[in-house]
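Fold and contact review
Each chain, written out:
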Amino acid sequence: MSTPADNAPAAHSAGAEESRPSLAALLLDPSFWADWASVVGLVGLVIVFGIAQPVFLSVANLQALLLAAAILVVLSIGQTFVIATSGIDLSLAAAVMLGAIILGLVNAAGYGIFIACVLAVLATSAVGFLNGLIITAGKIPDFVVTLGTLSGITGLGLILSGGEPTMVGSTFLLRLASGSFGPFGYPVWVAIAAVIVAHIALYHTRFGVHLLATGGQAESAGALGIRTNRVKIAAYTISGLCAGVAAILLVARIGSAEPQINTSLLLNSVAAVVLGGVSLFGGRASILGPAIGALMLTALVNGLTLLNVSAFYQPLAVGAIVVLAALIMRYQK
Amino acid sequence: MSAPHHIPAAEAIIACEGLSKHFGGIRAFTDVAFQARRGEVTAVIGDNGAGKSTLVRSLVGVHQPDAGDLFFDGQARPFANPDEARKAGIETVHQNLALIDELTVAQNLFLNREIVRRIGPFAFLDRKAMKREARSMLSRLSINVPSINQRVRRLSGGQRQAISICRAVGSGAKLVVMDEPTAALGVQETANVEALIRRLREQSVSVILVSHNFDQVRRLSDQIWVMRAGKMAATVRASETSGNELVALVTGAA
Ligand SMILES: Nc1ncnc2c1ncn2[C@@H]1O[C@H](COP(=O)(O)OP(=O)(O)OP(=O)(O)O)[C@@H](O)[C@H]1O
Ligand SMILES: [Mg+2]
């Protein structure tokens, strides 16, 4: 389409307009650290843990770390889409539980693992859709609605399961959890695929721009004809979809569907998004940032475990890191 | 109920009759009849809170009027949302709803009108094309911004206003609606915007201009409509009025 001659003057003027600061100036600029908090944090943790406990850097441990991070990465992506619209999805971990229970029950009823997985994802997507619908149609704050669905689907999960875990003995899920392709296990590939698709959706589609516009200034976006309500509903539905994928990975990992909410998944998904430099006020987001944030949180837990630090200290460490990140974020450009 | 100056439907690019809009108990405006002639600059003046912005927003689909009829380009056309109005050929520079701070200049210029490239069932943004277009849109109107890749948050009020005007006039609309387009601008920028409005008029683009500046309104417009406390109080030809008469009409002293 464009000839080089077309682009040359533009590229030249753009280069002249945005002069590059020197490396030293960059390193002294707090907003640099804010934008790259998750990368800096991850590199820092890898160095510290690598020195303190060389096993941390072994191929086997790094593979295990990535495997353990896959679920959180997928959930952080869902949470990112919601937070980009200036919302928050507190029902995310509960949706994972609901998806897992539905997967288990449908499979136990003899419908086959494929249908069970599809129904689980449909159910969690429906939860997300419902969140978005109530928030936009009812004009109720995101926080309140998703807190409500958190409680509602916790109850629904208990009712459906009778409070009992369901064993899921499926060769498909077993292979999903333990098989690998190339250097990574299948769950890692699922997470990588999710990152790529989400990145393209956010940066290379109209939906992505409209999502950020809705999160930035919903009223202005609406005045330009963007259907902000639909965008919001779509964001929550994506969040639900991610919860469904995470539910499949979770059931594959532990071999059963537990009627229990892993609250640290919810907190860590928000933490990963914050670490990833995504504004909680909406309007600016990336996918790579939260994904690296999720890796960083997983590395933290992994490293502390290798150093024989009691599991009781892990939430404390995660909390400290998140608050620190939030403080650094204040210097974001 | 009839408009003060009834003009034949074919001459009106946009017209409304009996239009009302209330917000809960607050009446923004009631029973308003208004027309803008094709190819003319039509001004709307009135004191703060008279209902000008709400009227404009009700014309272009941002608000849904509670009652009344709306005609655009000879057809009965209530716009269910701003998207329909934009597709019909109306671009608006809103008073307070101009740009998205967190998006770049180029993204703002093409917001909800993005250029896409289709690959199978998917459509991907053609960012290169949009940046190229954005540069030429800005340079055609000699608008200076540091970079089109910059977030608009860091631009000055005047630059932001210039960009939202650029977005409205750069797309070949039939009707451009501007709600106080020079309110935030300096002398030079105001002169630029006024030149731009004249150029639109030369290109037979219809313009609706909301302004508090009576001199500006008399310089630029063909017809002036006066709102007072939620009513359409009067309408006069710009060539047949004086600044004193406009003041009297706005304050209700006439
Ligand atoms: N979204 C809204 N909700 C409630 N009331 C509103 C809303 N928008 C406008 N109003 C009210 O409607 C009335 C008319 O407001 P409007 O903004 O149309 O005035 P205006 O003529 O544009 O004034 P200005 O010259 O200050 O821009 C005001 O009393 C205002 O408070
Ligand atoms: Mg106004």
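Residues numbered from 1 in each chain as written. Chains lettered and ligands numbered in written order. Predicted model: local features only at pLDDT ≥ 70, side-chain atom pairs only at ≥ 80, totals over all residues. Heavy atoms only, no water.

**Some thoughts on the overall build of chain A**
Applied cut-off: Strands here mean DSSP runs of E at least two residues long; helices mean DSSP runs of H or I at least four residues long; both are numbered from the N terminus. For a compact globule the rule gives 2.2 Å times the number of residues to the power 0.38, and the radius of gyration it is set against comes from C-alpha atoms. Burial classes follow relative accessibility: with a 1.4 Å probe on protein chains only, a residue under 20% of its type's maximum area counts as buried, one over 50% as exposed, and anything between as partly exposed.
On a plain count of helices and strands, chain A comes out with 16 helices and four strands. Taken against the 2.2 N^0.38 rule, which gives 20 Å for 333 residues, the C-alpha radius of gyration of chain A at 21 Å falls within 12% of a compact globule. Along the three orthogonal principal directions, the C-alpha set of chain A runs to about 65 × 55 × 40 Å. For chain A, the residues scored as buried account for 49% of the 333 residues in total.

**Here we look at the pattern of salt bridges**
Let me state the cut-off plainly: Take a side-chain nitrogen of Lys or Arg and a carboxyl oxygen of Asp or Glu: if they are within 4 Å of each other, that pair is a salt bridge.
As enumerated under the stated definition, the model contains 15 salt bridges over all chains in all. Notably, a salt bridge pairs E114 of chain B with R206 of chain A, separated by 2.7 Å at the nearest N-O pair. Residue E114 of chain B is located in the loop between helix 3 (105–109) and strand 7 (116–119), and its partner R206 of chain A is located in helix 11 (residues 206–216); the two belong to separate chains. Residue classification places R206 of chain A among the partly exposed residues on the basis of a relative accessible area of 31%. Two residues, E11 of chain B and R37 of chain B, come together in a salt bridge whose shortest N-O distance is 2.9 Å. Taken as a pair, E11 of chain B in the segment before strand 1 (12–23) and R37 of chain B in strand 2 (residues 26–37) lie far apart in primary sequence, 26 residues in all.

**Some thoughts on the coordination of the magnesium ion (ligand 2)**
All names here are of chain B. Threshold: Listed donors are limited to N, O and S atoms within 2.8 Å of the metal, widened to 3.2 Å for Na, K and Ca; water is not among them, so incomplete-looking sites are possible.
Donor atoms from the polypeptide that bind the magnesium ion (ligand 2) are S53 (OG) and Q95 (OE1), placed at 1.9 to 2.1 Å. Taken together, the residues S53 in helix 1 (residues 52–59) and Q95 in the loop between strand 6 (90–93) and helix 3 connect sequence positions 42 residues apart. The exposure class assigned to S53 is buried, which follows from its relative accessible area of 16%.

**Details of helix 11 of chain A**
Think of an α-helix as turning once every 3.6 residues; residues three or four places apart then point the same way. The test is simple: We call two residues in contact when some of their heavy atoms are within 4.5 Å.
In terms of residue burial, helix 11 of chain A counts as a mostly covered element, since eight of its 11 residues are buried. Among all positions of helix 11 of chain A, only G208, V209, H210, L211, L212, A213, T214 and G215 of chain A are buried. On its buried face, helix 11 of chain A is in contact with helix 5 (59–84), helix 10 (186–204), helix 12 (218–223) and helix 13 (228–254) of chain A together with helix 3 and strand 8 (122–125) of chain B.

**Remarks on the environment of A98 of chain B**
Along the chain, A98 of chain B falls in the loop between strand 6 and helix 3. The class for A98 of chain B is buried, based on a relative accessible area of 14%. Along the chain, A98 of chain B and I165 of chain B lie 67 residues apart, while their C-alpha atoms are 9.0 Å from each other. Contact partners of A98 of chain B, with chain neighbours within four places excluded, come to S220 and L224 of chain A together with S164 and R167 of chain B.

**Let's talk about the interface of chain B and chain A**
One frequent convention defines the size of an interface as the accessible area lost when the parts assemble. Formally: Two parts placed together each lose some accessible area; with a 1.4 Å probe, that loss summed over both constitutes the buried area.
Contact with chain B, which involves 32 residues of that partner, is made by 31 residues of chain A. Of the roughly 2700 Å² buried between chain B and chain A on both sides combined, carbon and sulfur atoms contribute 55%. The largest share of the area that chain B buries against chain A comes from L97, I100 and L125 of chain B, three residues that together contribute 18% of it. Inspection of the chain B/chain A interface yields one salt bridge. Contributions of two or more residues to the side of chain B that touches chain A are made by helix 2 (82–88), strand 8 and helix 4 (127–140) of chain B.

**Topic: the confidence of the model for chain B**
All names here are of chain B. The condition is simple: The predictor rates its confidence in each residue with pLDDT, a number between 0 and 100.
A residue-level look at chain B finds 96% of positions with pLDDT of 70 or above and a mean pLDDT of 89. Considering each helix and strand of chain B separately, the mean pLDDT is smallest for strand 5 (residues 75–76), with a value of 86, and largest for strand 10 (residues 206–210), with 96. As a predicted assembly, this complex carries a pTM of 0.89 together with an ipTM value of 0.87.

**Brief notes about the site of ligand 1**
Residue and element names in this part refer to chain B. Just so we agree on the cut-off: For each residue, the test is whether any non-hydrogen atom lies within 4 Å of the molecule or strand; if one does, the residue is near. Here a polar contact means two N or O atoms within 3.5 Å. Within protein one must be a hydrogen donor candidate and the other an acceptor candidate, and residues neighboring in sequence count only if both atoms are side-chain atoms. Areas reported as accessible are Shrake-Rupley estimates using a 1.4 Å probe. Residue values count occlusion only from the protein chains shown.
Taken together, the neighbourhood of ligand 1 is formed by 14 residues, with N48, K52, S53, T54 and H212 sitting nearest. Within the backbone of G49, an N or O atom sits 2.8 Å from an oxygen atom of ligand 1. Between ligand 1 and S53, the relevant distance is 2.7 Å, taken from an oxygen atom to a side-chain nitrogen or oxygen of the residue. Isolated, ligand 1 exposes 640 Å² of accessible area, and the fraction of that covered by the protein chains is 67%.

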